[in-house]
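# A structural walkthrough
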Amino acid sequence: MTGTRQQKLFRILSLVAAVHAGAALEASAATERSITLMHDQRQRSALVRVPSTYNASNPAPMLLVFHGGGGNAEGAERMAQLTPLADKHNLIVVYPNGTGVLRDRLLTWNTWNCCGYALTHEVDDVGFVRNLIAMLKREFAIDSNRIFATGISNGGMMAHRLGCELSDQIAAIAPIAGALNTDSCAPREPVSVLIFHGTDDQHVMFKGGQNLKRFPGADPRIDNSVADAFSTWSRLDKCSPSNPSQQQSVQRTLCSDGARGSEVVLYAIQGQGHSWPGGRAGLRYGNVDPPSQEISASEVMIEFFMRHPKR
């Protein structure tokens, strides 16, 4: 083989190796990526799951999932089981971490009157999420009209707060077992809202008031009722409520035809405690009580989100 032919063959093999290396890198990025950023003099982090269907030429919707108080991103992912649904909808799923004394566990969000470290240290979690969204938009092709938020307990309260204070970014929210603990929610744009709450929840009471159960060391807290959250969002979205419908132990109340096509929906799960409906059971994942399996909050919320982009 001549020197020239050897050089050509070497260039071809090098090109093939580079292509395979790039493909391997892209495949890796399509499964999991941990990211960090500095905000308010704190290093913050999130776990990002990019679907295998992701294509930079086709902007993807994005869902932010907030763990409960005392949890973390990994536990939220295992509990909610949202990641396996992401490919079907070409959905980027992001699991941010709250803050705490420890970097990777026992983390909380600052949500008006809850909870823990984030509340007592007045952590700017809304600002963190705004910067996180901006960072992710630089990293990925994200559909700005289809950015959504959900979470459980303290994370559900965080979803409510983002709906109130980050409506220019967030199209719809799905709080689970989390109260809207403010009387000054004032979104600049309509936000569609999907609420899940168990009627026997004693950590965030369905009818509001002081929580009967709390984690060791946590202070008692007065929460607004689920009815208050539903009526507040219904008023803000200017929608029309209808009579509740019942299927087995799940009662659904709809407020439709709101501003810019917004809706407010409440799923009240009779007999359920503090948990993610249809989620993975176990306190280590974030479900304090056994979750109902009559409804999958993850499946219902994705379908709801896909119908409610910004308009």
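Heads up: these notes are all about the structure in this document. Residue positions are counted from 1 within each chain, in the order its sequence is given. It should be noted that, the model being predicted, local features are given only for residues of pLDDT at least 70 and side-chain atom pairs only at 80 or more, the latter also being counted only at that level, while totals for whole chains, interfaces and linings use all residues. To obtain the side-chain values, all non-hydrogen atoms of the structure were included, while hydrogens and water were left out.

### Details of unusual backbone geometry
That bond from Cys-114 to Cys-115 is cis: its omega, 10°, falls within 30 degrees of zero. Positionally, Cys-115 belongs in the loop between β4 (92-96) and α4 (116-120). Despite not being glycine, Asp-40 has its phi angle at roughly 55°, a positive value. A run of H or I in DSSP counts as a helix once it spans at least four residues, and a run of E counts as a strand once it spans at least two, with each numbered from the N terminus. Examined against the element boundaries, Asp-40 turns out to sit in the loop between β1 (33-39) and β2 (42-49).

### Side note on the side chain of Asn-72
For Asn-72, the location among the structural elements is in the loop between β3 (60-66) and α2 (73-80). Asn-72 gets classed as buried once you look at its relative accessible area, which sits at 19%. Each residue is assigned to one of three classes by its accessible area relative to the maximum for its type, calculated with a 1.4 Å probe on protein chains only: buried under 20%, partly exposed between the two thresholds, exposed over 50%.

### What to know about the pattern of salt bridges
Salt bridge, as used here, is a side-chain nitrogen of Lys or Arg placed within 4 Å of a carboxyl oxygen of Asp or Glu. Inspection of every chain in the model, using the stated rule, returns 15 salt bridges. Between Asp-168 and Arg-130 there is a salt bridge, with the nearest N and O atoms lying 3.0 Å from each other. Within this pair, whereas Asp-168 is found in the loop between α6 (154-165) and β6 (172-176), its partner Arg-130 is found in helix α5 (residues 125-139), the two being separated by 38 residues in sequence. Residue Asp-168 is classed as partly exposed on the basis of its relative accessible area, which comes to 24%. What emerges from the salt-bridge pattern is a single network uniting Glu-32, Arg-49 and Glu-77.

### Remarks on empty space enclosed by the protein
In this analysis, the protein atoms alone were mapped onto a 1 Å grid. Cavities are point sets where a 1.4 Å probe fits without being able to get out; pockets are open sets with protein on both sides within 12 Å along at least five of seven lines; lining residues have an atom within 4 Å of a point. Grid points are joined across faces, edges and corners, and a volume is the space filled by probe spheres set on the points. Counted according to the given criterion, the structure contains one cavity of 30 Å³ or more. Empty space within the largest cavity amounts to approximately 100 Å³. In this structure, the largest cavity is lined by 13 residues; those nearest its centre are Pro-190, Arg-260, Pro-309, Lys-310 and Arg-311. Residues are sorted three ways: Asp, Glu, Lys and Arg are charged, Ala, Val, Leu, Ile, Met, Phe, Trp, Tyr, Cys and Pro are nonpolar, and all the rest, Gly among them, are polar. Of the residues assigned to the lining of the largest cavity, the class counts are five nonpolar, four polar and four charged.

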